[in-house]
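Coordinates in review
If you want the building blocks of each chain, they are given just below.
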Amino acid sequence: MSRYDEIKHRVVTTFQRRIANPLSTRMPRQILLETTGRTSGLPRRTPVGGSLVGREFWLVSEYGDKSHYVRNIHADPRVRVRIKGTWHNGTAHPMPEDDPRARLRTLPTGNSAVVRMLGSNLLTVRVDLAD
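Cut-offs applied
Residues numbered from 1 in each chain as written. Predicted model: local features only at pLDDT ≥ 70, side-chain atom pairs only at ≥ 80, totals over all residues. Heavy atoms only, no water. Helix = DSSP H or I, 4+ residues; strand = E, 2+ residues; numbered from the N terminus. Contact = heavy atoms within 4.5 Å. Areas by Shrake-Rupley, 256 points an atom, 1.4 Å probe, with all protein chains shown as cover. Pairing = 2+ DSSP bridges. Axes fitted to C-alpha atoms, helices over the stretch in contact; angles between N-to-C directions. Buried < 20%, exposed > 50% of the residue type's maximum accessible area, 1.4 Å probe, protein only. Salt bridge = Lys/Arg side-chain N within 4 Å of Asp/Glu carboxyl O. Phe/Tyr/Trp six-rings, centres within 6.5 Å; stacked < 30°, edge-to-face > 60°. Lys NZ or Arg CZ within 6 Å of the ring centre and 35° of its normal.

A word on the overall build of the protein. When its secondary structure is counted, the protein shows four helices and seven strands. Secondary structure elements of the protein occur, N-terminal to C-terminal, as α-β-β-β-β-α-β-β-α-α-β. Counting contacts in the protein only where the partners sit at least 6 residues apart, residues at least 24 apart contribute 66% of the total. For the protein, the accessible area works out to roughly 7,500 Å², and carbon and sulfur atoms hold 54% of it.

Here we take up the sheet that holds strand 6 (residues 86-95). Each strand in a sheet pairs with another by means of backbone hydrogen bonds, the pair being arranged parallel or else antiparallel. The strand order across the open sheet built from seven strands is 2-1-5-6-7-4-3, with neighbouring strands paired in antiparallel fashion. Of all the strands in the sheet, just strand 2 (43-47) and strand 3 (50-53) have a single pairing partner and so form its edges. Across this sheet, the average inter-strand angle for adjacent strands is 30 degrees, counted without regard to direction. By the bridge criterion, six bridges tie strand 6 to strand 7 (residues 123-129) in an arrangement that is antiparallel.

Counting buried positions over the six residues of strand 4 (residues 56-61) gives five, a clear majority of the element. Here four bridges tie strand 3 to strand 4, and the two strands are oriented antiparallel to one another. The residue of strand 4 that forms the bridge with serine 51 is tryptophan 58. What sits between strand 3 and strand 4 in their antiparallel hairpin is a turn of two residues, with glycine 54 showing a positive phi close to 65 degrees. As paired elements, strand 4 and strand 7 share six bridges and run antiparallel to each other. Among the inter-strand pairings, valine 60 is bridged to a residue of strand 7, identified as threonine 124.

Evaluated as defined, the whole model comprises six salt bridges. The residue arginine 45 makes a salt bridge to glutamate 34 at a minimum N-O spacing of 2.7 Å. With arginine 45 in strand 2 and glutamate 34 in strand 1 (residues 32-36), this residue pair connects regions lying eleven residues apart in the sequence. With its nearest N and O atoms 2.9 Å apart, the salt bridge here joins aspartate 76 to arginine 78. Overall, aspartate 76 belongs to the buried group, its relative accessible area being 15%.

Right, let's talk about the pairing of strand 2 for a bit. Taken residue by residue, a regular strand's side chains alternate between the two faces of the sheet. Pairing between strand 1 and strand 2: five bridges, direction antiparallel. Counted as the bridge partner of threonine 35 is arginine 44 from strand 2. Connecting the antiparallel pair strand 1 and strand 2 is a turn made up of six residues, with glycine 41 showing a positive phi of about 80 degrees.

Time to look at the packing of aromatic side chains. The full count for this structure, using the stated rule, is zero aromatic pairs. The positively charged end of arginine 80 is found above the aromatic ring belonging to tryptophan 87, 4.2 Å away from the centroid. One residue, arginine 103, lies across the ring of tryptophan 58, its end atom 3.7 Å from the ring centre.

In structure tokens, the structure reads:
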């Protein structure tokens, strides 16, 4: 990661962690991804944008394997996703072979634009929903 990308990552993640995410998680229609903390074992909720396609939920991580929720998925792929106010259990799969820019064209445009603008190491994640 270049120095510019590293600084951008720090600024964006600090803003998200301290301001955007606490506000977003309180919004009842916001999609949330709940992972299990790889160190703490506690539930960690992250606002995400994505799309439900059949029994799969697709999203693109802005910072790939540097994103804490992706690191949590690597440690324990069992997740929950809140879609339209309803929680669904599932198993998350990072998809490094998928083209994240092409995937973003199939996802909601507002969130996709932000991910393209702020992200520096995009990674597609597929969640297979069990219920």
